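Descriptive structure summary
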Amino acid sequence: MRARPQYRPACVADDGDLLDVAEAIAADWAALGVRGSFLARRIDTGEQLGFDVDEPVPLASVVKVPLALVALDRIATGELDPARPVVVDPATSSVGATGLAAFRYPATVAVGDLLLMMLSVSDNASADAVFDLVPIEDVDARLRAWGCSGIRVRHRLNRMYECAAGAAGNDFSLALELAVRDDRSGRHTIETLDPAYANVGTATALVDLLERVWRDGIAHPEATAELRRLMGLQVFTQRLASELRADTLRMSGKTGTFLHLRHEIGVVEAESGDQVAMAALTRSDRRAGLAPDIDLAIGTGARRAFEALRR
């Protein structure tokens, strides 16, 4: 039987030293059984390093960043009232372990606080409540109008769980096994893991988006300023920020986790003024709900990239 070709990531960098860093990060990920995309870019100079940066990857909760930007732009232009009350009922809201998705009783929350919940604690119920106000088709069309062609928004957050349940019933372990198996074969049993049907983005497109948000080069300046503030309130620090915790650094980000997917995008800012935008999009080949070593590898890669780009 012919051996399966060895996977080799396509590395990109602006010089040999940065290429060495990109290759080292890719090798660390591969040693853990992780495939994925990584890109880090210094915002002021455009210098960057990474690998497989143009591969479309299902976004999981990372999609909440473009959703928030479109909603915040509508708020900034007066089309949407941030104080508008919205009733979120657990009987009909989205699945999730945090925020309103974990509530047992109906709650009334203002639009602006839904955005806070979906970005700070990755609340799926809040995100889908925002989708009720800013439809999927409108979010996708606005992104295309802004030139964000590498990001596609196609479904609500709860659709991920509906598709997983449709394939595996209530057996999350089976759903995880299917996700890992299908990633190898390219034939996806769970529709929202198929790049042709999922909310997807490339590392390049996501870093482009972050750069434009940090430069106020997309949407209304009030919207980009508020998105930066909300991303700075994320409570999850186990990935990109895990080795970048310091009084002189600030990390603003958004994770995404579903079955074998472990992602984060964000911007690291130093007191010196250095800003580095990053996207880490990973797919694991193991059937494990918890993988702190993969989270740490993402953090180690982020630190290496940040240090290399600050030279």
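The structure displayed is predicted, hence computed values, not measured ones. Numbering of residues begins from 1 in every chain and follows the order in which that chain's sequence is written. Local features in a predicted model are, by the rule used here, given only for residues with pLDDT of at least 70; side-chain atom pairs are given and counted only at 80 or more, and totals for whole chains, interfaces and linings are based on all residues. Side-chain calculation: all heavy atoms of the structure are included, whereas hydrogens and water are not.

Think of each axis as a best-fit line through the C-alpha atoms, taken over the contacting stretch in the case of a helix, with angles from 0 to 180 degrees between the N-to-C directions. Elements are defined by DSSP. Helices are runs of H or I of four residues or more, strands are runs of E of two residues or more, and each kind is numbered from the N terminus. Contact geometry of helix α2 (residues 64-76) with helix α5 (residues 136-145) gives a least axis separation of 10 Å together with a crossing angle of 90°. Of the possible angle classes, the one that applies to α2 and α5 is roughly perpendicular. Where α2 abuts α5, its residues P66, L67, V70 and R74 lie against D138, V139, R142 and L143. Of the residues that constitute the contact of α2 with α5, the class distribution is five nonpolar, no polar and three charged. By the definition adopted for this analysis, an angle is roughly parallel if under 35 degrees, roughly antiparallel if over 145, roughly perpendicular if from 65 to 115, and oblique otherwise. The criterion used for residue contact is that any of the two residues' heavy atoms lie within 4.5 Å. In this classification, the charged set is Asp, Glu, Lys and Arg, the nonpolar set is Ala, Val, Leu, Ile, Met, Phe, Trp, Tyr, Cys and Pro, and all remaining amino acids, among them Gly, are polar.

Here we take up the environment of R239. The residue R239 is located in the loop between α9 (221-231) and β9 (249-258) in this model. Placed 57 residues apart in sequence, R239 and L296 show a C-alpha to C-alpha distance of 6.1 Å. Those residues in contact with R239 that sit more than four places away from it in its chain are T255, G256, T257, R262, H263, E264, D295, I298 and G299. There is a polar contact of 2.9 Å between the side chain of R239 and the side chain of T257. In the analysis that follows, any N or O atom pair within 3.5 Å is treated as a polar contact, provided that within protein one partner can donate a hydrogen and the other can accept it, and provided that, for residues neighboring in sequence, both atoms belong to side chains.

What follows is about the sheet that holds strand β7 (residues 151-152). In short, DSSP must find at least two bridges between two strands for them to pair. Overall, antiparallel pairing links the three strands, which are arranged β4-β8-β7 in an open sheet. Both edges of this open sheet fall to β4 (57-58) and β7, since each of them pairs with a single strand only. Strand direction decides the pairing type here: β4 and strand β8 (residues 200-201), joined by two bridges, are antiparallel. By the bridge assignment for β8, V57 is matched with G201.

Right, let's talk about the sheet that holds strand β11 (residues 275-284) for a bit. What the six strands build is an open sheet, ordered β1-β3-β2-β11-β10-β9; its pairing is antiparallel. Every other strand in the sheet has two partners, leaving β1 (11-13) and β9 as the edge strands with one partner each. Taken over all neighbouring pairs, the strand axes of this sheet differ in orientation by 5° on average, direction set aside.

Mapping K254 onto the fold places it in strand β9. Only protein chains enter the area calculation, which uses a 1.4 Å probe; residues under 20% of their type maximum are buried, those over 50% are exposed, and those in between are partly exposed. Think of it this way: Lys and Arg go in the positive column, Asp and Glu in the negative one, and His and the chain ends go nowhere. What makes a salt bridge here is a side-chain nitrogen of Lys or Arg within 4 Å of a carboxyl oxygen of Asp or Glu, nothing more. Notably, K254 is buried but unbridged: the nearest opposite-charge side chain belongs to E264, and the N-O separation is 7.9 Å. At 2.8 Å, the side chain of K254 and the side chain of S122 are in polar contact. Setting aside anything within four residues of it in sequence, one finds K254 in contact with S61, V62, K64, V65, M118, L119, S122, M231, Q234, E264 and I265.

Attention shifts here to the side chain of E211. Considering the arrangement of structural elements, one finds E211 in helix α8 (residues 203-214). Setting aside residues up to four positions removed in sequence, E211 forms contacts with R41 and I43.

Let's shift gears to unusual backbone geometry. Phi angles above zero are rare outside glycine, and A60 is one such case at about 50°. Position of A60 relative to the elements: it lies in the loop between β4 and α2. Not every positive phi belongs to a glycine, and L259 is a case in point at roughly 50°. Here L259 shows up in the loop between β9 and β10 (261-270). Here L259 falls in the buried class, since its relative accessible area comes to 6%.

Working definition of a nonpolar core: buried Ala, Val, Leu, Ile, Met, Phe, Trp, Tyr and Cys residues. They are joined through side-chain atoms within 4.5 Å. Ranked by internal contacts, the top residues of the largest apolar core, which has 75 residues, are L115 and L227. The residues contacting L115, other than those within four sequence positions of it, are A68, A71, L72, I75, V130 and L230. In this structure, V21, A26, W29 and A305 belong to the second largest nonpolar core, which totals 30 residues.

The next point concerns α9. Taken as a whole, α9 has its buried residues at A223, T224, L227, L230 and M231. Taken around the axis of α9, the buried residues stretch over an arc of 125°, which confines them to a single face. Taken together, the buried residues of α9 touch α2, α3 (111-120), α8, β9 and β10. Here, the arc refers to the directions that run from the helix axis to the C-beta atoms.

Closest axis-to-axis distance for the α2/helix α4 (residues 124-133) pair is 11 Å, and the angle between their directions is 45°. Accordingly, the angle class assigned to the pair α2 and α4 is oblique. As α2 runs across α4, the sense of the crossing is left-handed. The segment α2 lies against α4, with K64, L67, A71 and R74 engaging N124, A127, V130, F131 and L133. Taken together, the residues that form the contact of α2 with α4 break down as six nonpolar, one polar and two charged. Crossing handedness is defined as follows: a turn of the near helix away from the far one that is anticlockwise and smaller than a right angle gives a left-handed crossing, while the clockwise case is right-handed.

All right, on to the packing of aromatic side chains then. By convention, a stacked pair of Phe, Tyr or Trp rings (six-membered ring in the case of Trp) has centres within 6.5 Å and planes under 30 degrees apart, an edge-to-face pair has planes over 60 apart, and any other such pair is tilted. Per the counting criterion, the structure on display carries four aromatic pairs. Seen from their ring centres, W29 and F51 are 5.2 Å apart, and the 85° between their planes marks the pair as edge-to-face. Placement of the pair is W29 in helix α1 (residues 16-31) and F51 in strand β3 (residues 48-51), with a sequence separation of 22 residues. Taken individually, W29 and F51 each receive the classification buried, so the pair is uniform in this respect. Ring centres of Y161 and F258 lie 5.2 Å apart, and the angle between their planes is 80°; this geometry places the pair in the edge-to-face category. Here the residue Y161 occupies a position in helix α6 (residues 158-168), and F258 occupies one in strand β9, the gap between them amounting to 97 residues. Note on Y161: relative accessible area 23%, which makes it partly exposed. Taken together, the ring pairs connect W29, F38 and F51 into an aromatic cluster.

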